[in-house]
Amino acid sequence: MKTLLTALKFIMLMTVLTGIAYPLLITGVGRLFFVRQAEGSLIIDGGKILGSELIAQKFTDPRYFWPRPSAVDYNPQPSGGSNLGPTSASLKDSIMVRRSRFAAADGAPVPADLLCASGSGLDPHISPEAARYQLDRVASARQLDKAQRTALLSLIDKYTEAPTIGILGQSRVNVLWLNLALDSLGRR
Amino acid sequence: MSTNDILQILAYVIALIVLAPILGQFMARVFTGKPHLLSRPLGWLERITYRLCGIPANHEMSWRQYAASLLWFNGLGFLIVFILQITQHWLPMNPQHLPNVPWVLSFNTAVSFMTNTNWQSYAGETTLSYLTQMAGLTVQNFVSAATGIAVFLALTRGILRKTTSVIGNFWVDMTRSIVYVLLPLSVILGVALLSQGVVQTLSPAVTVTTVEGQSQDIPLGPAASQVAIKQLGTNGGGYFNANSAHPLENPTPVSNFLEMLALLLIPAALTFTYGKMVSNRKHGWIIFAVMFSLWFGGLALSLYGEYSSNPSVGLNTNLEGKEIRFGTVNSVLWSVSTTAASNGSVNAMHSSLSPIAGGVAMFNIMLGEIIFGGVGAGMYGILLHVLLTVFLAGLMVGRTPEYLGKKIEAREIQMTILGILIPNAVILLGAGVACVLPIALSSLANQGPHGLSEILYAFSSAAGNNGSAFAGLNANTDFYNIVLGIAMLIGRFAVILPCLVIAGSLASKKVSPPSAGTFATDNSTFAVLLIGVITIVGALTFLPALGLGPIIEHFLMIAGRIF
């Protein structure tokens, strides 16, 4: 009985310490030093929230770069992957559909990241190859001339993030930032 | 594989090998009550805990009292998480107005977090309120990890002490683990993750209108604090459904590196803590080397699998279920580490891994979570295998087996065998039964051998207290919630209790000085023998089942078959 009482006091104290005080401490640090990160890394322009730079948005208009396929159709409630296995017939079908959706006029092979759904369904990035691969489609949908195409290509380079300190992670392009830049390019 | 892939693996390995011994030495000082770096700044927290809870810090417990304290405490922890879930709709800090969680799912989740498994039949962002995640799950992330450390410490004292009946004080071990190790490391990691973009707020989800004019709800919540301890405490339960594949839970390559490092750090460091505590550092290094070799072998095999093409679905590079910012090498590094340690968090969907990498993940769990293993749990798990190895070596030469001066006799070996075999039996029997029940089979999302793998993985993950999944399986059914819940309980306590019995039994024995005939446990011969015992026990038990799952799937994939 005494053991039970000690156990009860101990779990209550640990709930206060690790379940209330500790999360609130981290929240406080966020409030003070990392406001933007703590609140979802939102992109805000003129008071309007355009999205989170960490969450992929659905793009179907050929005038935009498209993100990687999503098993949850870019709805973050809840996130998730397809969980289809390596010998799954539905995975094979999905890949065929994606291949024909992305296929370029010149018949070059589609980069693998555009054929495969991401783990979270919300991957905000595509590979630089996947961005360049979509350049033709975007350029012709927007009826860009040769100079503008070159500008677009350098825009992709500008939004390409390299591996951290040259080692960690992969080169990648944030699709939402690229598309927002694309729109402002058109406005100018 | 590129040069960059190799550099990333090297960076990870170097960071682990540099940091683990340092942390290990520190923990040895903490757990033996010696003065250390944090005794001044945080000592008051330890003392106030004893005072508030009425803990006589100098009073030591027999193994029975130790076990009773542990069971009562875990039982209450279960109850709190369970009650929070079934009442969360009426409680504060629920900005999404999520309904109460159904009973059966609440049972599964409460057991899952109490046993350090963190198997998730639910999706965090659409099921649990901020209060449930914080006051329920985050707390269990801490205390279930501390429970593992406590059992490891009790077992170590049993090995060390002579002719006594006491093996330490459960509350003191818990308090020191949390106050000096888990909490400070979590604060550091939590802030680091926050800086990278892991969310940490009590604000509700943000609704945005996308560029193409659709509505999208960006989930928020106190994630960074929970993600830090879920990685450090080998818990693995994601704040969001996609776990550490979610960009708000693991936003950058830096956050990924830190989360991966946190995943193996404490379990690896505890090998050095053990070496220090038993005054045989070389023995600690040998255990580390054994774990590292098994981990590295799994990594090499998995990389081979992931870099092979898949003719079945027509892919040269398999990125299904992976995130671009991490790429293949980080996904594999993670899948091997998270299953070797009983963490179970994921940064890529295991179900979509190549058959070999998925098979390695499963086999890592099946070995009993001893390749680094859970915080504390990995150490007491491998010590059971060490005892078995010493026993087998003794049989070979016809001497009474001894371990660090203690005679290993019938009672120890009976308990060792129970601790090793019961979880294995749960995996094979559970998966076997599920394979013939229509109610269990209707949960499958994949057909053919991958379907069997989904079931086998689920029972391995539950009984091994891992928590990762081949998530094609819809586990949120009454059948799986109840059966896997029971598997988690058995997998946890059917190892903990035998360990405590062994601790009590060894503590009461005399220490015999080493003689010329003593079998040394701190050299490479012993390391090879230990690796042999681990792989033979695992292979004999599970190869037939693996043959029908991932192994045959690999060959069918090469042949281009689909299901």
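Residues numbered from 1 in each chain as written. Chains lettered and ligands numbered in written order. Predicted model: local features only at pLDDT ≥ 70, side-chain atom pairs only at ≥ 80, totals over all residues. Heavy atoms only, no water.

A.B. asks: What exactly am I supposed to notice about the overall build of chain A here?
C.D. replies: When its secondary structure is counted, chain A shows eight helices and five strands. Tracing chain A from N to C terminus, the helices and strands come up as α-α-β-β-α-α-β-α-α-α-β-β-α. A globule of 188 residues ought to have a C-alpha radius of gyration of about 16 Å, yet chain A, at 22 Å, is considerably larger. Structurally, chain A occupies a C-alpha span of about 80 × 45 × 35 Å along its principal axes. Looking at chain A residue by residue over its 188 residues, the buried ones come to 52%. Surface summary for chain A: the accessible area is close to 8300 Å², and the carbon and sulfur share equals 60%. Here chain A contributes 21 positive and 15 negative side-chain charges, whose respective centroids are spaced 5 Å apart. (Helix = DSSP H or I, 4+ residues; strand = E, 2+ residues; numbered from the N terminus. Rg over C-alpha atoms; globule rule 2.2 N^0.38 Å. Buried < 20%, exposed > 50% of the residue type's maximum accessible area, 1.4 Å probe, protein only. Areas by Shrake-Rupley, 256 points an atom, 1.4 Å probe, with all protein chains shown as cover. Lys, Arg positive; Asp, Glu negative; His and termini not counted. Charge placed at Lys NZ, Arg CZ, Asp CG, Glu CD.)

A.B. asks: Looking at this structure, how should I read the sheet that holds strand β3 (residues 125-126) of chain A?
C.D. replies: Strand pairing in a sheet relies on backbone hydrogen bonds. The paired strands run either parallel or antiparallel. All names here are of chain A. Read from one edge of the open sheet, three strands run β3-β5-β4, paired in antiparallel fashion. Single-partner strands in this sheet number two, and they are β3 and β4 (160-161). Looking at chain direction, β4 and strand β5 (residues 172-174) are connected through two bridges and run antiparallel. Looking at β5, one finds that T160 is bridged to V173. (Pairing = 2+ DSSP bridges.)

A.B. asks: Explanation requested: the interface of chain A and chain B in the structure shown.
C.D. replies: Where the parts come together, the accessible area they lose is often given as the size of the interface. Across the contact, 90 residues belong to chain A and 103 residues belong to chain B. Here chain A meets chain B over a buried area of about 7900 Å², counting both sides, of which 67% is carbon and sulfur. On inspection of chain A and its partner chain B, the count reaches two salt bridges. With its nearest N and O atoms 3.2 Å apart, the salt bridge here joins E320 of chain B to R98 of chain A. Run the count over chain A and chain B and you get 39 residue pairs in polar contact (both at pLDDT 80 or more). Those elements that place two or more of their residues in the side of chain A that touches chain B are α1 (2-33), α2 (35-38), β2 (48-52), α3 (89-102), α4 (112-115), β3 and α8 (175-187) of chain A. Looking at which element gives the most residues to the side of chain A that touches chain B, the answer is α1 of chain A, with 23 residues. The class makeup of the residues in the side of chain A that touches chain B is 44 nonpolar, 34 polar and 12 charged. (Contact = heavy atoms within 4.5 Å. Buried area = accessible area lost by both parts, 1.4 Å probe. Salt bridge = Lys/Arg side-chain N within 4 Å of Asp/Glu carboxyl O. Polar contact = N/O pair within 3.5 Å; in protein donor to acceptor, adjacent residues only side chain to side chain. Nonpolar A, V, L, I, M, F, W, Y, C, P; charged D, E, K, R; others polar.)

The quantities given are spatial measurements derived from coordinates; they are silent on function.
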